[in-house]
Amino acid sequence: MLAYLGPQGTFTEQAARGLAKPDDDLTPYDTVPAALDAVRRGDVDAACVPVENSVEGAVPATMDALASGDPLVAVGEIVLPVRFSILVRPGSTGSVKTVTSHPHALAQVRSWLAKNLPEAQVVPSSSTAAGARAVLAGEFDAAVSAPVAVHHYPLEELATGVNDVEDAKTRFLLVERPGTLPAPTGSDRTSVVVTAADRIGALSELLAELALRRINLTRIESRPTKGRLGEYRFYIDLDGHVAEPAVGDALAALHRHCPETRFLGSYPRAEAGVGKTDDSGFEAAAQWLTKIRTGNGA
Ligand SMILES: O=C(O)C(=O)Cc1ccccc1
């Protein structure tokens, strides 16, 4: 059983279908934290959640829910193109006074709304499909939805392709309880959360551990720890798999700086063939060390 941010007709449902095994059943949850908690409780085997968008950046609800609570790890990712439609009740002739959608969707159609529905009040909803449902229930006049939502709800397209940026993409993760890691593919990504100490150079020392080992950083985001004002967690994505010597060595170094470092998974990248780390020197050095420790070299 696989949980996703629902209801039916969300982008996350499409991502979940792309990541699911053929015999997986999909079950919708109202929020990202609810889907992740269902995995923690063991009600479902995995959850598919949105993590990052090429226009709006990180999805804060996902980041916060992965950084706290019982640990979960990502075992897969998928990147989907996102286009948006404006859905209204069939035959609605009145002007659109209210528009609802997921905050990430609203942010990606801001210019279109300003130009085409400048008077409309914009109200966030828990997902694009939850917005479509609320329009059906008469709570709002229009929803910014995934084009597929029109096949799930008896609504009508007022406009389609309303995204301000062509080729916008969203990355989704498949998350499970910690268990067997996916095998390295040679094109993997590793995600961790670290809290940098409050002193000069703390963050640059963490990043230096990656640079020293020639590890490519693909994303770094900060979020407040929700404790002291000014205390931040850093979400770091890097190229490579924890089973590879350079990445394993770097994660151990991050743990020495910050014992609360949380491993969020090593998983195949959506685009194959990129992100290989160069481990040659690490393997040769480990063999040399074994030799000198056992008296077989110098
Ligand atoms: O609300 C949805 O449909 C989601 O899956 C979250 C989302 C919202 C906007 C862009 C990508 C994902």
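Our subject is the structure that appears above.
Notes on the structure in this doc start here. What you see is a predicted model, and the numbers here were worked out from it, not measured in a lab.

Rules behind the numbers
Residues numbered from 1 in each chain as written. Predicted model: local features only at pLDDT ≥ 70, side-chain atom pairs only at ≥ 80, totals over all residues. Heavy atoms only, no water. Helix = DSSP H or I, 4+ residues; strand = E, 2+ residues; numbered from the N terminus. Expected span 1.5 Å × (residues − 1). Buried < 20%, exposed > 50% of the residue type's maximum accessible area, 1.4 Å probe, protein only. Arc of directions from axis to C-beta. Contact = heavy atoms within 4.5 Å. Near = heavy atom within 4 Å. Polar contact = N/O pair within 3.5 Å; in protein donor to acceptor, adjacent residues only side chain to side chain. Areas by Shrake-Rupley, 256 points an atom, 1.4 Å probe, with all protein chains shown as cover. Nonpolar A, V, L, I, M, F, W, Y, C, P; charged D, E, K, R; others polar. Domains from an automatic or database assignment. Pairing = 2+ DSSP bridges. Axes fitted to C-alpha atoms, helices over the stretch in contact; angles between N-to-C directions.

1. Remarks on helix 9 (residues 245-257)
Then step 1. Taking 1.5 Å per residue as the helical rise, helix 9 with its 13 residues ought to reach 18 Å, and the 19 Å between its terminal C-alpha atoms agrees with that figure.
Then step 2. Looking at helix 9, one finds that the buried residues are Ala 246, Val 247, Ala 250, Leu 251, Ala 253 and Leu 254. Within helix 9, the buried residues cover an arc of 160° as seen down the axis, which keeps them to one side.
Then step 3. Where the residues of helix 9 are buried, they touch strand 12 (188-195), helix 8 (202-212), strand 14 (232-239), strand 15 (262-268) and helix 10 (280-293).

2. Focus: the site of the ligand
Then step 1. Near the ligand the following residues occur: Leu 5, Thr 10, Phe 11, Thr 12, His 102, His 104, Ala 105, Ser 127, Thr 128 and Thr 170.
Then step 2. One nitrogen or oxygen atom from the main chain of Phe 11 is found 2.9 Å from an oxygen atom belonging to the ligand.
Then step 3. Thr 128 places a polar side-chain atom, nitrogen or oxygen, 2.4 Å from an oxygen atom of the ligand.
Then step 4. Considering the ligand on its own, with 320 Å² of exposed area, one finds that the protein chains cover 99% of that surface.
Then step 5. The set of elements that each furnish at least two residues to the shell around the ligand consists of helix 1 (11-19) and helix 4 (103-107).
Then step 6. Here the shell around the ligand is built from residues that sort into 3 nonpolar, 7 polar and no charged.
Then step 7. Both domain 1 (1-81 + 169-179) and domain 2 (84-162) contribute no fewer than three residues apiece to the shell around the ligand.

3. Quick notes on the sheet that holds strand 10 (residues 156-160)
Then step 1. Spatially, the 5 strands line up as an open sheet ordered 8-7-9-6-10, and their pairing is mixed. With one partner strand each, in any of the chains shown, strand 8 (121-124) and strand 10 form the two edges of the open sheet. Direction aside, neighbouring strands of the sheet carry axes that sit 30° apart on average.
Then step 2. Where strand 6 (residues 85-88) lies against strand 10, 4 bridges are found, and the strand directions are antiparallel. Bridge pairing in strand 10 links Ile 86 to Ala 159.
Then step 3. Most of the contacts of helix 6 (residues 128-136) go to strand 9 (residues 142-145), to which it runs at about 160°, and overall it touches strand 6, strand 7 (98-101) and strand 9.

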